[in-house]
Amino acid sequence: QQGIAEILEYFKNDTRFHFYLRIHPNLNGIKYRYHTSLLDIGNLYTNVTVIKADDEISSYSLLESVEKVLVFGSTLGVEAAYWGKPVILLCAAFYKYLNICYKPESAEEAFSLIGADELPAKDRADALKYGFYCMYDRNKNRKPNGFYPYVVFKILREIMRVFKQMRLIKGLEIPVKEDSGQL
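Residues numbered from 1 in each chain as written. Predicted model: local features only at pLDDT ≥ 70, side-chain atom pairs only at ≥ 80, totals over all residues. Heavy atoms only, no water.

Peer 1: Explanation requested: the pairing of strand S2 (residues 48-51) in the structure shown.
Peer 2: The two faces of the sheet receive side chains in turn, since in a regular strand these alternate between them. Both strand S1 (residues 19-22) and S2 contribute to a ladder of four bridges, which runs parallel. Bridge pairing in S2 links Phe19 to Val48. At this point the chain moves from S1, through helix H2 (residues 33-44), to the parallel S2, and the crossover so formed is right-handed. (Pairing = 2+ DSSP bridges. Helix = DSSP H or I, 4+ residues; strand = E, 2+ residues; numbered from the N terminus. Right-handed = clockwise from strand over helix to strand, strands pointing away.)

Pasting the structure below:
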């Protein structure tokens, strides 16, 4: 919530910006303060519309209407990138090392990206790769929703971090066997 409040505070007098805070539908009925405090943020700032978890408003309808998408790790960031929206990632995510979003390294850089008049969307190729990766079920060692268990993601993320530090990878590529069309 602190990051959201800082953004709203920074842009509170800039009438060019209005933010829509879509609370994830899976948080419906959650009573913890980290969630309920988000509901109150609309009372503190006039430049935000809070959309509750149980509201009928579709996240995808919002996605179609907005200029930019700010995410704190949500998979909606990948979907927004696929649909050609500029995505600003403000927290860790499984797709952090893909070239689908802007990853500011400071609050000032985040404010600059948010405030930019022309912020081009990133290439959607890595969003497609991520989507295919999540769907691919070669080993059948995944949960029913298509994702590997969390520990595998943690290991892959660490390997990617090390490879990136060693400058062995610039992005992820998924090899395709020419003869079979399989990954």
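What follows continues from the structure just given.
Peer 1: Sorry, what's going on with the environment of Val48 here?
Peer 2: In this fold, Val48 is placed in strand S2. Note: C-alpha distance between Val48 and Leu8 (40 residues apart in sequence) is 7.4 Å. If we skip the residues at most four places from it in the chain, Val48 touches Leu8, His18, Phe19, Leu21, Ile41 and Gly42. (Contact = heavy atoms within 4.5 Å.)

Peer 1: Got a minute to help me understand the nonpolar core in this structure?
Peer 2: Proteins that are soluble and globular tend to have nonpolar side chains buried together. If you look at the biggest cluster of nonpolar residues, it comprises 22 residues, and the most contacted ones within it are Leu8, Phe11, Phe19, Leu21, Ile41 and Val48. When contributions to this core are tallied by element, the ones reaching two or more residues are helix H1 (2-10), S1, H2, S2 and helix H5 (107-115). The element contributing the most residues to this core is H1, with four residues. Non-local contacts of Phe11, meaning those with residues more than four positions away in its chain, are made with Phe17, Phe19, Asn47, Phe111, Ile114 and Gly115. Among the nonpolar cores identified, the runner-up in size contains 16 residues, and Leu63, Val78, Cys101 and Cys134 belong to it. (Core = buried A, V, L, I, M, F, W, Y, C linked by side-chain atoms within 4.5 Å. Buried < 20%, exposed > 50% of the residue type's maximum accessible area, 1.4 Å probe, protein only.)

Peer 1: Looking at this structure, I do not really get the pattern of salt bridges. What am I missing?
Peer 2: A side chain of one charge can pair with a side chain of the opposite charge when the charged atoms of the two come close. This structure, assessed with the given rule, holds six salt bridges. Here Glu9 and Lys12 are joined by a salt bridge, their closest N and O atoms 2.6 Å apart. The partly exposed category is assigned to Glu9, whose relative accessible area is 35%. Look at the salt bridges and you will find they share partners, linking Asp14, Arg16 and Asp117 into a network. (Salt bridge = Lys/Arg side-chain N within 4 Å of Asp/Glu carboxyl O.)

Peer 1: Help me understand the packing of H1 against H5, please; the structure alone is not making it clear to me.
Peer 2: For any two helices packed against each other, one specifies the inter-axial angle together with the distance between the axes. One can describe the packing of H1 onto H5 by two numbers: an axis separation of 11 Å at closest approach and a directional angle of 55°. With respect to H5, the element H1 is oriented oblique. Two packed elements cross with a definite hand, and for H1 against H5 that hand is right-handed. Of the residues in H5, those in contact with Glu6, Ile7 and Tyr10 of H1 are Ala107, Phe111 and Ile114. A per-class count over the contact of H1 with H5 returns five nonpolar, no polar and one charged. (Axes fitted to C-alpha atoms, helices over the stretch in contact; angles between N-to-C directions. Parallel < 35°, antiparallel > 145°, perpendicular 65-115°, else oblique. Left-handed = near helix turned anticlockwise from the far one by under 90°. Nonpolar A, V, L, I, M, F, W, Y, C, P; charged D, E, K, R; others polar.)

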